[in-house]
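Observations on chain architecture
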Amino acid sequence: MVQSFSRDLKRQLTKCPTGIRGLDEITYGGLPQGRPTLVCGRAGCGKTLMGMEFLVRGALDNSEPGVFISLEESTDELAQNVSSLGWDLDALVAKKLLVLDYIHIERTQIEETGDYDLEALFVRIGYAIDRIQAKRVVIDTLETLFGNLLDTALVRSELRRLFLWLKSKGVTAIITAESGDQSLTRHGIEEFVSDCVLVLDQRIQQDLSTRRLHIVKYRGSQHSSNEYPFLIESDGIVVLPLTSVELNYTVSSERISTGVERLDGMLGGKGIYRGSSALISGTSGTGKSSLSAHFAAASCSRGERCLYVAFEESANQIVRNMRSIGLDLETPQQAGLLKFHALRPTFYGLEMHLVKICQLVQDFEPKMVIFDPISSLTSAGLFHHIQSFLMRLVDFLKAQGISIVLTNLTTDGTPLESTDVGISSLMDNWLLLRDQETNGERNRLLFVLKSRGTHHSNQVREFRMTSQGIEMLDVYLGPDGIVTGTARLVKEAQAAADAVARQQEIERKQHEIERKRLIVEAQIQALRVEFEAEKADIDRLVEQAQQHESQLLQEQRSRAKYRYAEDTLNPTNYTS
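Numbers given for residues are sequential positions, taken from 1 along each chain in its written order. Local features are withheld for residues below a pLDDT of 70 in this predicted model, meaning they are given only at 70 or higher, and side-chain atom pairs are given and counted only at 80 or more; totals for whole chains, interfaces and linings count all residues. Note that water and hydrogens are dropped before the side-chain values are worked out from all heavy atoms of the structure.

Overview of the pattern of salt bridges
Any two side chains of opposite charge can pair, so long as their charged atoms come close to each other. Here is the rule: When a carboxyl oxygen of Asp or Glu lies within 4 Å of a side-chain nitrogen of Lys or Arg, that pair is called a salt bridge. Runs of E in the DSSP output that reach at least two residues are strands. Runs of H or I that reach at least four are helices, and both are numbered from the N terminus. Buried means the residue's accessible area, taken with a 1.4 Å probe over protein chains only, is under 20% of the maximum for its type, while exposed means over 50%, and partly exposed covers the values in between.
According to the stated counting rule, one finds 23 salt bridges in the structure shown. A salt bridge links D130 to K169, with the shortest nitrogen-to-oxygen separation between them at 3.4 Å. With D130 in helix α6 (residues 119-132) and K169 in the loop between α7 (152-168) and β7 (172-178), this pair connects stretches of sequence that are 39 residues apart. We classify D130 as partly exposed; its relative accessible area is 45%. Sharing partners across several salt bridges, the network here consists of R35, K167, D195 and R219.

Some points on the pairing of strand β3 (residues 36-41)
With 6 of 6 residues buried, β3 lies mostly within the body of the structure. Of the two faces of β3, the one lined by P36, L38 and C40 and the one lined by T37, V39 and G41 are each fully buried.

Remarks on the state of the cysteines
Heads up, the condition is: Only a pair of cysteine sulfur atoms within 2.5 Å counts as a disulfide in this structure description.
Evaluated as defined, the whole model comprises 0 disulfides. With no disulfide partner, C300 has as its closest neighbouring cysteine sulfur the one in C306, 5.5 Å distant.

A few points about the confidence of the model for the protein
As a reminder, the rule being used: Per-residue confidence from the prediction method is given by pLDDT, with values spanning 0 to 100. We call two residues in contact whenever any of their non-hydrogen atoms come within 4.5 Å of each other.
Taken as a whole, the protein shows an average pLDDT of 82; of its residues, 82% reach a score of 70 or greater. This stretch, residues 1-10, has a pLDDT under 50; its non-local contacts, to residues over four places away or in other chains, come to 0 contacts.

Points about a negative patch on the surface
This is how the line gets drawn: Like-charged residues within 9 Å of one another, or nonpolar side chains (Val, Leu, Ile, Met, Phe, Trp, Tyr) within 5 Å, are grouped into patches, provided each residue has over 30% relative accessible area and no salt bridge. Note on areas: Shrake-Rupley with a 1.4 Å probe; residue coverage comes only from the protein chains shown. In this tally Asp and Glu are treated as negative and Lys and Arg as positive; neither His nor the chain ends contributes. For this purpose, a charge sits on NZ of Lys, CZ of Arg, CG of Asp or CD of Glu.
On the surface, D76, E77, D88 and D90 cluster together into a negatively charged patch. Inspection of the secondary structure puts D88 in the loop between α4 (75-82) and α5 (89-94). What makes D88 partly exposed here is its relative accessible area of 46%.

Let's talk about the nonpolar core
Spelled out, the test is: The nonpolar core is taken to be a set of buried Ala, Val, Leu, Ile, Met, Phe, Trp, Tyr and Cys residues, with the residues joined through side-chain atoms within 4.5 Å.
Within the largest apolar cluster, 38 residues are counted, with the highest numbers of intra-cluster contacts made by M50, M52, W87, L89, L198 and L213. Tallying contributions element by element places helix α3 (residues 47-62) first for this core, with 7 residues. Those residues within four positions of L198 in sequence are excluded, and the remaining contacts are L23, L31, T37, L38, V39, C40, M50, H214 and I215.

Structural notes on the side chain of N429
For clarity, the threshold we go by: As used in this structure description, the phrase polar contact means that two N or O atoms lie within 3.5 Å; if the pair is within protein, one of them must be able to donate a hydrogen and the other to accept it, and residues adjacent in sequence are counted only when both atoms belong to side chains.
Residue position: N429 is located in strand β19 (residues 429-438). Here N429 falls in the buried class, since its relative accessible area comes to 3%. Polar contacts involving the side chain of N429 include one to the side chain of S276, which spans 3.5 Å. When near neighbours in sequence (up to four residues on either side) are disregarded, N429 contacts I272, S276, S277, A278, L279, K450, S451 and R452.

Quick look at the structure:
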């Protein structure tokens, strides 16, 4: 098994890292080492710059010397053109890490009058390679060599010879070529003899320019076939493979606060999951930016960085406006916890926005990113382009474990439970803000339309902008429906008055029943006294009657005794 594994390693194509950010990732390690790579595209797409950065990164990062053969620009022009990127070509030349060679060929002087070969070019390039033991070579550009040649067989033969010769020298080469009208290159041959072909493109859509990179073929290696946006930044080319993001990122069970205590309560009492996404949608003036600012303030209060991408307001304006509702965003901004990136959506194309934002995320390393509002992107592209942009952006941020807050302006006539950019289905949490107009005033309401993985409230809440931030209130639910604002205060006052009246009526009834109880008890006591008095009279009469009866009986006996009548009265005195 070990021997089989070793054989597999030997079969794998050796790669030469370019050092260009993102390019090595989508090529799974870089360009084929020891083989030529064709980079083609129209004028201004970045071919020369990519070749030069390939050499500069190799010299600075890997100590690999390189040779740049220019067939169009002089060495002084090359050095001057790339100096703005911070590359000192003269210093690299002095250290023998770079050779710049300008070969001037006048296309009008090339004619098909006899045999044509590149032997002299081979000698010149070979001398430059041997002089510094170069590992990398760039030839810019092929059209100068075969400008006026019409013999396809001759061109193909010389190109094959050039590519085979470069392979024999063991150098990793980039050869640039201009795109043709119906083919990748002018002659339509170069791509067939190349081991790796990269196509650079610069498109203008809706007056916005976007550069893209496409790997057409890569012999002996897997590669992505998608198109990737790339940006020429102040320090070189940046390619971000955003279209290759897969749904395999990790998730967190930690909950983070929204910055509004009662809103946290509506979201299960703990807020949203870390690394999840939240959409705040509503019509103009409902408080979307203010609520998203609470998310930002809460993130900074935890000591975590927050990136705030604003498409409609400047950073100073946002800081000033939030100060009116008691949010201090200036202090965390000065402390480096809050970073604003404010620009118009039309400043870049969508792909450039994507690259720039992701570069900001990689540089600033925030824990939360806020976009306010994403609906402004409708001016920067078509619907399906915006949807693709947001999908890739959300997936990219989730893969980094970054919490996302998006605000979306719902236009008049659009259903509230929808978005103009079709992003709601991707969101983990959706907060809907809307106005309710009653009695000549407009009041703000908040709904939690969904919150994946949490128990959340299904009740609507009224909220107000106060000097201490957002204050959430219970709405008044009566027989006439939801009542907010002044009408709610009136209803609450009326309900309180009714409650007081009911309590007073209850207390009056209680006093009345207590009075009746006392009256009844007094009557009972009077009857009891009357009863006891009558009973005492009856008992006295009975006693008097008994005494009278006893006295009569005593007197009768006394008289009988006096009259000697005892014998007469005794039945024993009689005989038969």
